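Structural overview
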Number of protein chains: 2
Amino acid sequence: MTVPTLLVLDADPLPRLGRLTGRVRIEHADASTLAERLPHADVLLVWDFTSHAVREAWPGEGPRPRWVHTASAGVDHLLGPELAASDTVVTNARGIFDRPIAEYVAALVLAFAKDLPRTLEFQRERTWRHRETRRVAGTRAVVVGSGPIGRAIAGTLTALGVTTALVGRAERTGVHGPDDLDRLIAGADWVISAAPLTDRTRGMFDARRFGVMQPSAHFVNVGRGQLVVEEALAEALRRRWIAGAALDVFAAEPLAPDSPLWEVPGLVVSPHMSGDTVGWRDELADQFVELYELWAAGRPLVNVVDKQRGYVPGH
Amino acid sequence: MTVPTLLVLDADPLPRLGRLTGRVRIEHADASTLAERLPHADVLLVWDFTSHAVREAWPGEGPRPRWVHTASAGVDHLLGPELAASDTVVTNARGIFDRPIAEYVAALVLAFAKDLPRTLEFQRERTWRHRETRRVAGTRAVVVGSGPIGRAIAGTLTALGVTTALVGRAERTGVHGPDDLDRLIAGADWVISAAPLTDRTRGMFDARRFGVMQPSAHFVNVGRGQLVVEEALAEALRRRWIAGAALDVFAAEPLAPDSPLWEVPGLVVSPHMSGDTVGWRDELADQFVELYELWAAGRPLVNVVDKQRGYVPGH
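As annotated in an unreviewed UniProt entry, chain A carries the name Phosphoglycerate dehydrogenase-like enzyme and is attributed to Streptomyces griseomycini. UniProt, in the comment section headed Sequence similarities (unreviewed entry), describes chain A in these words: "Belongs to the D-isomer specific 2-hydroxyacid dehydrogenase family."

**So, unusual backbone geometry**
With an omega dihedral of -5 degrees, the bond running from A:Glu253 to A:Pro254 counts as a cis peptide bond. Note that A:Pro254 resides in the loop between strand S10 (244–247) and strand S11 (267–269). Across the junction of B:Asp12 and B:Pro13, the peptide omega takes the value -15 degrees, indicating a cis bond. Tracing the backbone through its elements, the reader meets B:Pro13 in the loop between strand S1 (5–9) and strand S2 (25–29).

**Structural notes on the UniProt feature "domain: D-isomer specific 2-hydroxyacid dehydrogenase catalytic" (unreviewed entry) in chain A**
The positions that UniProt labels "domain: D-isomer specific 2-hydroxyacid dehydrogenase catalytic" (unreviewed entry) are, in the present scheme, residues 28–305 of chain A. The span residues 28–305 of chain A is 32% helical and 14% strand by assignment, and the distance between its end C-alpha atoms comes to 24 Å.

**Description of the relation of the copies chain B and chain A**
When chain B is fitted to chain A, the residual RMSD is 0.0 Å, and the transformation amounts to a turn of 180 degrees plus an axial shift of 0.0 Å. Such values leave the two copies arranged in the relation of a two-fold axis. Most of the interface of chain B is mirrored in chain A: 100% of its interface residues are interface residues there too.

**A closer look at the pairing of strand S3 (residues 43–46) of chain B**
Residue and element names in this part refer to chain B. Here S3 shows no split at all, with Val43 and Leu45 on one side and Leu44 and Val46 on the other all buried. Here S1 runs beside S3; their pairing, made up of four bridges, is parallel. Within the sheet, the bridge partner assigned to valine 8 lies in S3 and is leucine 45.

**Here's the deal with the domain arrangement of chain A**
Residues and elements named next belong to chain A. One can read the domain layout of chain A as domain 1 (5–95 + 278–297) and domain 2 (97–269). Computed from C-alpha atoms alone, the centre-to-centre distance between domain 1 and domain 2 is 31 Å. Between domain 1 and domain 2, the residue contacts involve 11 residues of the former and six residues of the latter. Contact between domain 1 and domain 2 buries roughly 650 Å² in total, counting both sides, with carbon and sulfur atoms accounting for 57%. Taken together, the links from domain 1 to domain 2 amount to one salt bridge. We note a salt bridge from aspartate 76 to arginine 224, for which the minimum N-O separation is 2.9 Å. At the boundary of domain 1 with domain 2, the tally comes to one residue pair in polar contact (both at pLDDT 80 or more). Here the side of domain 1 that touches domain 2 is built from residues that sort into five nonpolar, four polar and two charged.

**Some words on the pattern of salt bridges**
Taken as a whole and judged by the stated rule, the model has 34 salt bridges over all chains. Ionic pairing is found between A:Glu103 and B:Lys114, a salt bridge with its closest N-O pair at 3.0 Å. Taken together, the positions of A:Glu103 in helix H4 (residues 98–113) and B:Lys114 in the loop between helix H4 (98–113) and helix H5 (116–124) put the pair across two chains. B:Lys114 shares its class with A:Glu103; the two are buried. Among the salt bridges present, the one from A:Asp189 reaches A:Arg134, with a minimum N-O distance of 2.9 Å. Of this pair, A:Asp189 sits in the loop between helix H7 (181–186) and strand S8 (190–193) while A:Arg134 sits in the loop between helix H5 (116–124) and strand S6 (140–144); the two residues are 55 residues apart in sequence, bridging distant segments of the chain. Salt bridges sharing common partners tie together A:Arg19, A:Arg23 and A:Glu293.

**Side note on the sheet that holds strand S4 (residues 67–70) of chain B**
All names here are of chain B. Strand order in this open sheet of five strands is S2-S1-S3-S4-S5, and the pairing throughout is parallel. Single-partner strands in this sheet number two, and they are S2 and strand S5 (89–91). The mean angle between the axes of side-by-side strands here comes to 20 degrees, regardless of whether they run parallel or antiparallel. One ladder, built from five bridges, connects S1 with S2; its direction is parallel. By the bridge assignment for S2, leucine 7 is matched with glutamate 27.

**Side note on helix H9 (residues 230–238) of chain A**
Residues and elements named next belong to chain A. When H9 is considered as a whole, its buried residues turn out to be Glu230, Ala232, Leu233, Ala234, Ala236 and Leu237. Lining the buried residues of H9 we find helix H8 (207–212), strand S9 (218–221), S10 and S11. Immediately downstream of H9, the backbone of arginine 240 shows phi near 60 degrees, a positive value.

**Here's the deal with the interface of chain B and chain A**
Between chain B and chain A, the contact holds 57 residues from the first and 57 residues from the second. On the surface where chain B and chain A come into contact, there are six salt bridges. Note that A:Glu263 and B:Arg126 form a salt bridge whose closest N and O atoms lie 3.5 Å from each other. For the pair chain B and chain A, the interface holds 26 residue pairs in polar contact (both at pLDDT 80 or more). Every element with two or more residues in the side of chain B that touches chain A is listed here: H4, H5, helix H6 (148–159), strand S11 (267–269) and helix H10 (280–296) of chain B. Top element by residues in the side of chain B that touches chain A is H4(B). It accounts for nine residues.

Conventions we followed
- Residues numbered from 1 in each chain as written.
- Chains lettered and ligands numbered in written order.
- Predicted model: local features only at pLDDT ≥ 70, side-chain atom pairs only at ≥ 80, totals over all residues.
- Heavy atoms only, no water.
- UniProt positions renumbered as here; feature names shortened; annotations may be inferred.
- Helix = DSSP H or I, 4+ residues; strand = E, 2+ residues; numbered from the N terminus.
- Least-squares fit on C-alpha atoms with pLDDT ≥ 70 in both.
- Contact = heavy atoms within 4.5 Å.
- Buried < 20%, exposed > 50% of the residue type's maximum accessible area, 1.4 Å probe, protein only.
- Pairing = 2+ DSSP bridges.
- Domains from an automatic or database assignment.
- Buried area = accessible area lost by both parts, 1.4 Å probe.
- Salt bridge = Lys/Arg side-chain N within 4 Å of Asp/Glu carboxyl O.
- Polar contact = N/O pair within 3.5 Å; in protein donor to acceptor, adjacent residues only side chain to side chain.
- Nonpolar A, V, L, I, M, F, W, Y, C, P; charged D, E, K, R; others polar.
- Axes fitted to C-alpha atoms, helices over the stretch in contact; angles between N-to-C directions.

Shown next, in the form of structure tokens:
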């Protein structure tokens, strides 16, 4: 048996693949060399999860990797029509980001409730300005996205005493279907977007949805930027349709220095970091190594993406 | 029986005493009139919990209120030696601030873990700067103060997966004694100060204690300003003995505009608001009305302060 070729679409720092050393032929590619190298690879590791190069470079016919793994939860950046139609298996980093993102959302919810951004502003002005803040326990949240990340967010908010509803693609036990969404967000203090980006979810947070929310509501997006119509959110904040928002993801990343989003009143902008806690890259590499062991042994992979739906289905 | 006289040391807005209307003679005082009116009052409600007027105005001998209630958890601002030695009963607002302060501490812990203050700085500079953040679950906290506020803080941090130790005046089940303090803070990621201000606790967070903490540790004070040697904390932050801190309370409040504390690197300054959620003043007034009903019926009061110790003892 020949040694399999593992092609890595790289980003700094390189993945630490430990015990795979010597057992695979590891080749590296960047956006400019990916198309040329893909036909010779058995496995593709999309380590640069910010790149859209796979969509463009994926071969229409002929030899191609039998398995593609992405070091991310979302797969929208690589899942073009040819890859979706092929028999190549796609896996993702399901599980790595759940708890970190849940904590990040809790941090934002509590920061808004306790008015922390304004406290820091007053501190800069050396101004002592007492305000009344909000109690988080007893408030209501809606989490859109019922995968592991959405469920972890719901679990953490529930632990803080927040009554939390999950909304998914289809109704099932403990999860509301899309038909309940408008009713739920109309009564929510916190609307959390943690859905995968698919044709069904693109632009789902638009002017109409922000209009449905309460003036005291806050919106947080930790899913994908294109879930949100960014201009509609900016307008909703300027008109005070809602009280505040936080975006960790954007339609175009990194956010350009001249984007108007940086200065929208009541908007917190962060650089796509909600899931990235110390050691995350090593966790991602370890997860790939474990999947590789399954693949090399001919056993079924886990975290397999449903390429029609655009995410890993499951409870 | 004559109608009792209730003297209120006022602050804006006045307390809403609802069903007491007509059942007591309500008189109002400020710092300048308190001494003159105290001898004629049966009950004193210290509504202006920022005032130190009671310490100064309390009569040494002769007629005086039989009961003093303060709309605060701390009693250090009113408990002078004459009042402590008298047979006047002192009660406090135990119970009102527990959950709000616990949420406030959780907000600060999560904000530090997720580097939120720096995110807001980068946003002002329109700078996209990805960082790795910390996972809160699995970290260690020490909460100094084992009353209802300290216990609520411990409960909320525990719900976020933080391993939390409580330190109180004496060792008991679930609570460490003072002998364990230095060992515990030496291993803590988060050191939370929520103790009452007494002769034993004044200045307990000094240069030596900040020196014992880890360079990655954060310190939060929601107790009383004088628990902390402020210059020592500022120096510890400047020298990076610890990673960050948040003060909601200060030796002198409001913090003067020219205080150096406003600009200490890594220090979050907030205006003594951690317990003050929307509706808190009405909750404080309702709590006093309920205590008054007990007092008027000749039944034992609750929330009775041990005037030697300086707090309400109990589990």
